[in-house]
Amino acid sequence: MAAKIGQYVDLGKPKVVALIVFTAVVGMALASPGMIPFNALVWGTLGIGLAASSAAAINHLLDQRIDLKMARTRGRPLPTRSLSETQVTVYAGTLAALAMLILTLLVNPLTAILTFLSLIGYAVIYTVWLKYATPQNIVIGGAAGAAPPLLGWVAVTGEIHAYALILFLIVFVWTPPHFWALAIYRRDDYASADVPMLPVTHGVEFTRWQILFYTVLLVLVTLLPWLTGMSGLVYLAGSIVLNAGFVGYAIALLKTRNELLAMKMFNFSVLYLMALFAFLLVDHYLQIMTQSTPGPV
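I will try to describe carefully the structure that is included in this document. Just so it is clear, the structure is predicted and the values come from calculations on it, not from any experiment. (Residues numbered from 1 in each chain as written. Predicted model: local features only at pLDDT ≥ 70, side-chain atom pairs only at ≥ 80, totals over all residues. Heavy atoms only, no water.)

### Topic: the packing of helix H8 (residues 148-157) against helix H9 (residues 162-185)
Their axes nearest at 7 Å, the elements H8 and H9 cross at an angle of 160 degrees. Considering their axes alone, H8 and H9 lie roughly antiparallel with respect to each other. As for how H8 packs across H9, the hand of that crossing is right-handed. Residues Pro149, Leu150 and Trp153 of H8 lie in contact with H9, whose contacting residues are Tyr163, Ala164, Leu165, Leu167, Phe168 and Val171. Along the lines of polarity and charge, the residues of the contact of H8 with H9 split into nine nonpolar, no polar and no charged. (Axes fitted to C-alpha atoms, helices over the stretch in contact; angles between N-to-C directions. Helix = DSSP H or I, 4+ residues; strand = E, 2+ residues; numbered from the N terminus. Parallel < 35°, antiparallel > 145°, perpendicular 65-115°, else oblique. Left-handed = near helix turned anticlockwise from the far one by under 90°. Contact = heavy atoms within 4.5 Å. Nonpolar A, V, L, I, M, F, W, Y, C, P; charged D, E, K, R; others polar.)

Spelled out as structure tokens, the structure:
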């Protein structure tokens, strides 16, 4: 029984969903002048998390053919026949239905609509079409994966704000260098599965330059929270340190043929995004505390 539960948990890609939920919660916090409202924090987080898990399960279902061909994924529940297509379909559908009910009834309809569009964008449009249509698949499809902080913001306010779009843009621009680093390391897997990832279609050298280009673009985009007044100096200082590390990896990747470095950059990029959003969160509440502290009488 425990093994079966573990397989269902694996379908939802819990590590990925944890990062998604964290960025959504940061979006909620930045939209709140104080503590995050109860409904947004509890029901919004649950709804967004369930939708992300559903999208991941649908991705497993639709990708099972190529998962069987790739060393990284052939141990997943569907390729190993630990779970059937029917079981996965019911599981994904149940999670999606619960997510939409929770977000519509207990948060707000706009959050539910945007979450549903994000789910369809990743689980269907990207997985079924974009992944095989163009080597720019991860750039275009990254829009769905960049939605969580925007969803978090909308869960609190019920509207789309320019600051929420900045958070969306950060994750959107972060996605290509993050994923292409993995694609360099796993390019033989993608080639054997006929997936036209950039290192497969244009070569590793071209991909390395694209990683550097998007990393520099990411540095510029991550300045926007400070430039627009959404965040202060604590965030700025943290982002400068993190960006120095990211750029360092991108430059080092150009200078070496050791492809283990690409995997190290991929792992760093995950920590980078977590830390960047943590700095946004800390900076936000430090500003609130500073503003609420009475001055000398």
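Back to the text.
### Focus: the packing of aromatic side chains
Each pair of aromatic rings is reported with the distance of its centres and the angle of its planes. What the rule picks out here adds up to eleven aromatic pairs. Pairing Tyr122 with Tyr126 gives two aromatic rings, centres 5.9 Å apart and planes at 15 degrees, and the pair type is stacked. Residue Tyr122 and its partner Tyr126 are located together in helix H6 (residues 109-133), separated by four residues, close to a single helical turn. Measuring from centroid to centroid gives 4.8 Å for Phe246 and Tyr272, while their planes differ by 80 degrees, and the two rings are edge-to-face. With Phe246 in helix H14 (residues 233-255) and Tyr272 in helix H15 (residues 260-292), this residue pair connects regions lying 26 residues apart in the sequence. Here Phe246 falls in the buried class, since its relative accessible area comes to 0%. For Tyr272, a relative accessible area of 0% corresponds to the buried category. (Phe/Tyr/Trp six-rings, centres within 6.5 Å; stacked < 30°, edge-to-face > 60°. Buried < 20%, exposed > 50% of the residue type's maximum accessible area, 1.4 Å probe, protein only.)

### Considerations on the environment of Thr290
Take Thr290: it is sitting in helix H15. Along the primary structure Thr290 and Phe179 are separated by 111 residues, whereas in three dimensions their C-alpha atoms are 38 Å apart.

### With respect to helix H5 (residues 85-106)
With 22 residues, H5 extends 31 Å between its outermost C-alpha atoms, agreeing within 8% with the 32 Å of an ideal straight helix rising 1.5 Å per residue. Residues of H5 that are buried include every one of Val88, Ala92, Leu95, Ala96, Ala99, Met100, Ile102 and Leu103, and no others. Taken end-on, H5 shows its buried residues confined to a sector of 165 degrees, consistent with a single buried face. Those residues of H5 that are exposed and aimed more than 90 degrees away from the buried face are Thr86, Val90, Leu101 and Leu105. (Expected span 1.5 Å × (residues − 1). Arc of directions from axis to C-beta.)

### Some thoughts on the pattern of salt bridges
Inspection of the entire model under this criterion finds three salt bridges. Residue Asp63 pairs with Lys131 through a salt bridge whose shortest N-O separation is 2.4 Å. Separated by 68 residues along the polypeptide, Asp63 in the loop between helix H3 (38-62) and helix H4 (64-67) and Lys131 in helix H6 bring together distant segments of the chain. Here Arg208 makes a salt bridge to Glu205, at a shortest N to O gap of 3.4 Å. Highlighted residues: Arg208 and Glu205, both in helix H12 (residues 204-221), separated by three residues, approximately one helical turn. By relative accessible area, which is 3% here, Arg208 ends up buried. (Salt bridge = Lys/Arg side-chain N within 4 Å of Asp/Glu carboxyl O.)

Remember that the coordinates give geometry; whether it matters functionally is a separate question.
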